[in-house]
Amino acid sequence: MKKMFFFDIDGTLIDCKNGIDYIPETTINSLNKLKENGDMVFLSTGRCRCFILDDVISYPFDGIVSCNGAYVEYKGKEVYKKVIDSKAIKLTHDLAKKYNWLYYFENSDKIYALDKEDKKHINFRDNWKMKPETIYDDFDFKNVETYIGMVVLNNESEIEILQETLSPYFYIQRHQHGLSFDLTIKGESKGQGIRKMIEYLGLDMKDTIAFGDGRNDLEMLESVHLGIAMGNAASETKEVSDYITVDVQHDGITYALKEFSFIKND
């Protein structure tokens, strides 16, 4: 029976913090072997399509669970989407202006921001390899369709304000590093997105395997049949996983695929 493998991007397929902003050749070889076996390989990411690095999106994945599950596509065709309420966008905008935060709201083609000329934004944009041509700061809150948000604070004391104000609309998930947070629509998750994909394909969750490292991977690793945490994963992510492999720098994906005999040793 064919298996379906779902891979997070940051900290799993790549590791920008350690200079790995492309899928390592050893990992590509392993993905190719899975496809040769008749298995399917998918991305499962918090990023929207236009925020995915070219060196990652160029690989022929069968589909993408993006925006932490709020937008799902198979072979380029939309399978599922959930849109952020315009009131939540406006509220985030007002908070960001008041406290000098960065924010981003994303769909497949565009990223909406407070001020694309802001120096903090430019630094964050470049660190996370956002494409400048996809970013817009002049838009109507009521006429944009987005599936995930992100916010960057200035200090730890602002986390309480963020939680109190935006938690009615979003699951607020802190990234592995710094003061940036995913704003995932309430009720959505990578696990939910994977279920939508599996339903669309008419297949079974018992044939799903996922790799992840972040706090936004918790539901995914709990939902699939086999959840594998990277060695560099957050402690909460490791706790819910079925297996912990080594980190990106030590070919954690390939190591685990061989451990479970999904691919053969060369």
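This write-up is about the structure you can find in this document. (Residues numbered from 1 in each chain as written. Predicted model: local features only at pLDDT ≥ 70, side-chain atom pairs only at ≥ 80, totals over all residues. Heavy atoms only, no water.)

## Thoughts on unusual backbone geometry
Backbone geometry follows two general trends: most residues other than glycine have a negative phi, and most peptide bonds adopt the trans configuration. Phi at Cys 67 is positive, roughly 55°, even though this residue is not glycine. Examined against the element boundaries, Cys 67 turns out to sit in the loop between strand E3 (63-66) and strand E4 (71-74). By relative accessible area, Cys 67 is classed as buried at 1%. (Helix = DSSP H or I, 4+ residues; strand = E, 2+ residues; numbered from the N terminus. Buried < 20%, exposed > 50% of the residue type's maximum accessible area, 1.4 Å probe, protein only.)

## Notes on the pairing of strand E12 (residues 208-212)
Of all 5 residues in E12, 5 are buried, a share of seventy percent or more. Where burial is concerned, the two faces of E12 agree: the one with Thr 208, Ala 210 and Gly 212 and the one with Ile 209 and Phe 211 are both buried. As paired elements, strand E1 (residues 4-7) and E12 share 4 bridges and run parallel to each other. Bridged to Phe 5 within E12 is Ile 209. Where E12 meets strand E13 (residues 226-229), 4 bridges bridge the pair, whose relative direction is parallel. Its bridge partner lying in E13, Phe 211 is registered against Ile 228. Each parallel crossover has a hand, and for E12 linked through helix H7 (residues 218-223) to E13 it is right-handed. (Pairing = 2+ DSSP bridges. Right-handed = clockwise from strand over helix to strand, strands pointing away.)

## Considering the packing of aromatic side chains
One pass over the full model with this rule turns up 18 aromatic pairs. Measuring from ring centre to ring centre gives 5.7 Å for Tyr 103 and Phe 105, while their planes differ by 55°; the resulting arrangement is tilted. Centroid distance Phe 124 to Trp 128: 6.4 Å. Interplanar angle 45°. Geometry classified as tilted. Residue classification places Phe 124 among the buried residues on the basis of a relative accessible area of 9%. Positioned above the aromatic ring of Phe 51, the side-chain terminus of Arg 47 is 4.3 Å from the ring centre. (Phe/Tyr/Trp six-rings, centres within 6.5 Å; stacked < 30°, edge-to-face > 60°. Lys NZ or Arg CZ within 6 Å of the ring centre and 35° of its normal.)

## Observations concerning the pairing of strand E11 (residues 180-185)
Counting buried positions over the 6 residues of E11 gives 6, a clear majority of the element. Residues Ser 180, Asp 182 and Thr 184 line one face of E11 and the alternating positions Phe 181, Leu 183 and Ile 185 line the opposite face, and both faces are buried. Relative to E11, strand E9 (residues 148-152) runs antiparallel, the two sharing 5 bridges. Across the sheet, Val 152 pairs through a bridge with Ser 180, a residue of E11. By the bridge criterion, 5 bridges tie strand E10 (residues 170-174) to E11 in an arrangement that is antiparallel. Paired with Phe 170 across the strands is Ile 185, a residue of E11. Between E10 and E11, which follow one another and run antiparallel, lie 5 residues, and Gly 178 among them has a positive phi close to 75°.

## Regarding the environment of Val 224
Tracing the sequence through the fold places Val 224 in the loop between H7 and E13. Measuring from C-alpha to C-alpha, the distance between Val 224 and Ile 194 comes to 8.2 Å, with 30 residues separating the pair along the chain. The residues contacting Val 224, other than those within four sequence positions of it, are Ile 194, Met 205, Thr 208, Ile 209 and Ala 210. (Contact = heavy atoms within 4.5 Å.)

## A short note on the packing of helix H1 (residues 25-36) against helix H9 (residues 252-259)
Put simply, H1 and H9 touch, their axes get as near as 8 Å, and they point 35° apart. In this structure, H1 meets H9 at a crossing whose hand is left-handed. Where H1 approaches H9, its residues Thr 26, Thr 27, Ser 30 and Leu 34 are matched on the opposing element by Ile 253, Thr 254 and Leu 257. Considering only residue class, the contact of H1 with H9 consists of 3 nonpolar, 4 polar and no charged. (Axes fitted to C-alpha atoms, helices over the stretch in contact; angles between N-to-C directions. Left-handed = near helix turned anticlockwise from the far one by under 90°. Nonpolar A, V, L, I, M, F, W, Y, C, P; charged D, E, K, R; others polar.)

## A closer look at the pattern of salt bridges
Evaluation of the coordinates by the stated rule reveals 16 salt bridges. Between Asp 62 and Lys 75 there is a salt bridge, with the nearest N and O atoms lying 3.3 Å from each other. Here Asp 62 is found in the loop between helix H2 (54-57) and E3, whereas its partner Lys 75 is found in the loop between E4 and strand E5 (77-81), with 13 residues between them in sequence. A residue is classified by how much of its surface remains accessible, and Asp 62, at 9% relative accessible area, is buried. (Salt bridge = Lys/Arg side-chain N within 4 Å of Asp/Glu carboxyl O.)

## Here we look at helix H5 (residues 159-166)
Those residues of H5 that fall on the buried side of the exposure criterion are Ile 159, Leu 162 and Leu 166. Along H5, the residues classed as buried sweep out an arc of 70° about the axis, all on the same side. Of the exposed residues in H5, those oriented more than 90 degrees away from the buried face are Glu 160 and Glu 164. Check the buried side of H5 and you find it contacts helix H3 (86-99), E9, E10 and E11. (Arc of directions from axis to C-beta.)

Purely geometric numbers; function is a separate question.
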